[in-house]
Amino acid sequence: MVPIRSVLAKPVAAWVISKRRQWELKPAETQNVWFKNLLDSARNTEFGRNHYFKDIRTPADFRQAVPIRDYEGLKPYVEKVTHGEEDILWPGKPLYFAKTSGTTSGVKYIPISKESIGYHISGARDALLSYIHETGRAEFLDKKLIFLSGSPEMTMKNGVHVGRLSGISNHHVPSYLRTNQLPSWETNCIEDWETKLDRIIDETIHQPMSLISGIPPWVQMYFDRIQTRTGKKIKDVFPDFQVFVYGGVNFEPYRAKLFDSIGKKVDSIETYPASEGFIAYQDSQTNLGLLMLLNQGIFYEFVPVEEFYNENPRRLTIGEVELGKNYVVIMNTNAGLWGYNIGDTVKFVSKDPYRILVTGRIKHFISAFGEHVIGEEVEKAMAYAVSRQPETQVVEFTVAPQVTPTEGGLPYHEWLIEFANPPQNPEQFRQDLDTQLTKLNVYYDDLITGNILQPLKINSLRQGAFIDFMKSQGKLGGQNKVPRLANDRKIADELGRFH
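Cut-offs and rules
Residues numbered from 1 in each chain as written. Predicted model: local features only at pLDDT ≥ 70, side-chain atom pairs only at ≥ 80, totals over all residues. Heavy atoms only, no water. Salt bridge = Lys/Arg side-chain N within 4 Å of Asp/Glu carboxyl O. Helix = DSSP H or I, 4+ residues; strand = E, 2+ residues; numbered from the N terminus. Buried < 20%, exposed > 50% of the residue type's maximum accessible area, 1.4 Å probe, protein only. Patch = residues over 30% accessible without salt bridge, like charges linked within 9 Å, V, L, I, M, F, W, Y side chains within 5 Å. Areas by Shrake-Rupley, 256 points an atom, 1.4 Å probe, with all protein chains shown as cover. Pairing = 2+ DSSP bridges.

## Side note on the pattern of salt bridges
Side-chain pairs of opposite charge can arise whenever the charged atoms involved come near each other.
Then, number 1: Inspection of every chain in the model, using the stated rule, returns 34 salt bridges.
Then, number 2: Across the pair aspartate 344 and arginine 361 runs a salt bridge whose closest N-O atoms are separated by 2.6 Å. Of the two residues, aspartate 344 sits in strand 14 (residues 340–351) while arginine 361 sits in strand 15 (residues 354–361), which places them 17 residues apart along the sequence.
Then, number 3: Given the relative accessible area of 10%, aspartate 344 is considered buried.
Then, number 4: Residue lysine 347 pairs with glutamate 376 through a salt bridge whose shortest N-O separation is 2.4 Å. Highlighted residues: lysine 347 in strand 14 and glutamate 376 in helix 14 (residues 375–388), separated in sequence by 29 residues. Grouping residues by exposure puts lysine 347 and glutamate 376 together as buried.
Then, number 5: A cluster of three or more residues bridged by salt bridges with shared partners is formed by Arg20, Arg21, Glu24, Asp283, Asp352 and Arg355.

## Focus on a nonpolar patch on the surface
Then, number 1: A grouping of Ile4, Val7 and Leu8 is seen on the molecular surface, where their side chains present a nonpolar patch of about 270 Å² in accessible area.
Then, number 2: In this fold, valine 7 is placed in helix 1 (residues 4–24).
Then, number 3: The exposure class assigned to valine 7 is partly exposed, which follows from its relative accessible area of 48%.

## Some words on the pairing of strand 8 (residues 243–247)
Then, number 1: Along strand 8, five of the five residues are buried, which leaves the element largely enclosed by surrounding structure.
Then, number 2: Neither face of strand 8 is open: one carries Val243, Val245 and Gly247, the other Phe244 and Tyr246, and all of them are buried.
Then, number 3: Bridge count between strand 7 (residues 209–213) and strand 8: three bridges; the pairing is parallel. Within strand 8, the position partnered with serine 213 by the bridge is valine 245.

In structure tokens:
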């Protein structure tokens with residue numbers, strides 16, 4: 001049988017990369033075109049009229065007219081859309097609502113329009129084609145591909161389909177990949193994650209799996225169950241396994257355990273999809289960062305993290321950002337999100353082309369004492385401590401402030417960590433974490449040296465603690481993930497029950 005998919009993929013990949021290079025070479029101009037197109041398309045919507053889109057000529061005009069909003073701020077408009085009204089945020093009605101869980105908003109309904117859905121799909125497609133173009137390896141397309149995702153089943157809300165983003169995307173998998181996609185539709189529709197996982201294993205364990213895609217902690221759970229069932233490393237169960245595609249979390253804390261489970265190195269491709277739009281993907285196996293997709297129906301603005309809570313923070317366009325600085329991502333999309341704070345922070349590591357690292361969440365930080373420790377810093381500290389004792393394997397971790405220790409003494413940061421393989425020298429591991437964090441965050445260092453905080457403490461949780469915690473919250477599997485850190489103890493106190 002002729003391996004038709006892999007043969008055809010290479011010229012298609014070359015064509016896609018040549019088209020991409022055209023906008024990579026003129027990023028500011030590309031963004032300006034989208035700025036004008038988006039405003040022109042939405043000028044007669046309710047939002048466009050209320051914010052005088054017809055009078056806006058420049059990004060400076062736009063900043064004056066459209067404030068930064070999160071979901072709560074945009075909710076009055078979104079509610080009109082969910083009630084079936086047309087021409088509110090974007091012309092007509094959305095094609096879908098991506099249903100997500102918000103920490104303050106409860107359920108969120110993110111509109112996806114007929115204009116935006118194609119970019120969600122092409123982002124994922126082009127990530128694979130970039131890999132094929134760079135490496136010349138396309139044979140994985142002729143074997144089995146597994147996507148660990150949410151259920152593709154949808155409901156209706158006033159004439160609009162509602163579902164999880166991963167489930168919506170499942171409806172748009174290209175037909176040429178349908179025949180080798182797993183799990184089956186029926187299995188994918190199972191809501192209970194553990195039941196679904198066992199069924200996925202039944203369907204995949206004897207198949208020539210070449211690509212596996214999913215959020216790392218849930219892929220790890222899939223691997224663990226396969227190993228329990230077979231007693232084998234993943235490379236021996238799936239000898240054709242070549243590519244791991246992931247997104248949603250920083251891979252580094254999971255890398256050692258995941259590759260230990262696999263038993264060999266496989267190529268990995270990181271993606272940055274969000275319900276609001278497909279933002280970036282890893283376009284190279286050798287260059288750091290994710291290619292920011294500037295020609296995907298979105299006009300971006302970037303707010304320096306340190307200014308975000310100011311009354312009038314700067315809102316920079318792509319041509320104004322600097323390398324190595326953390327920015328909050330603000331999106332204006334062809335699904336009708338305007339001045340929208342997605343909540344993520346990124347750092348640019350290249351301008352030719354523009355590549356980013358996702359560094360955390362603007363709401364996920366610890367500043368109980370003015371230290372403003374962010375996700376990137378705790379993950380770097382963890383990576384350093386693990387590198388000092390390489391046998392250590394971390395399953396998952398989160399960090400929270402302990403303001404009033406029951407044992408008395410100074411407050412501290414508590415690190416709740418589940419180890420697959422604990423460090424041989426736990427005290428050295430703790431010291432390495434603390435020392436590295438003081439190097440990464442000068443405010444934390446000041447608080448430690450000023451005897452306002454005592455050095456961090458580790459709460460080592462039993463194996464399976466994070467899975468049991470997520471199960472107790474009804475958030476096991478799918479796109480759900482544990483926040484890396486928080487400024488309160490809500491998650492930490494719940495996790496403490498799984499000691």
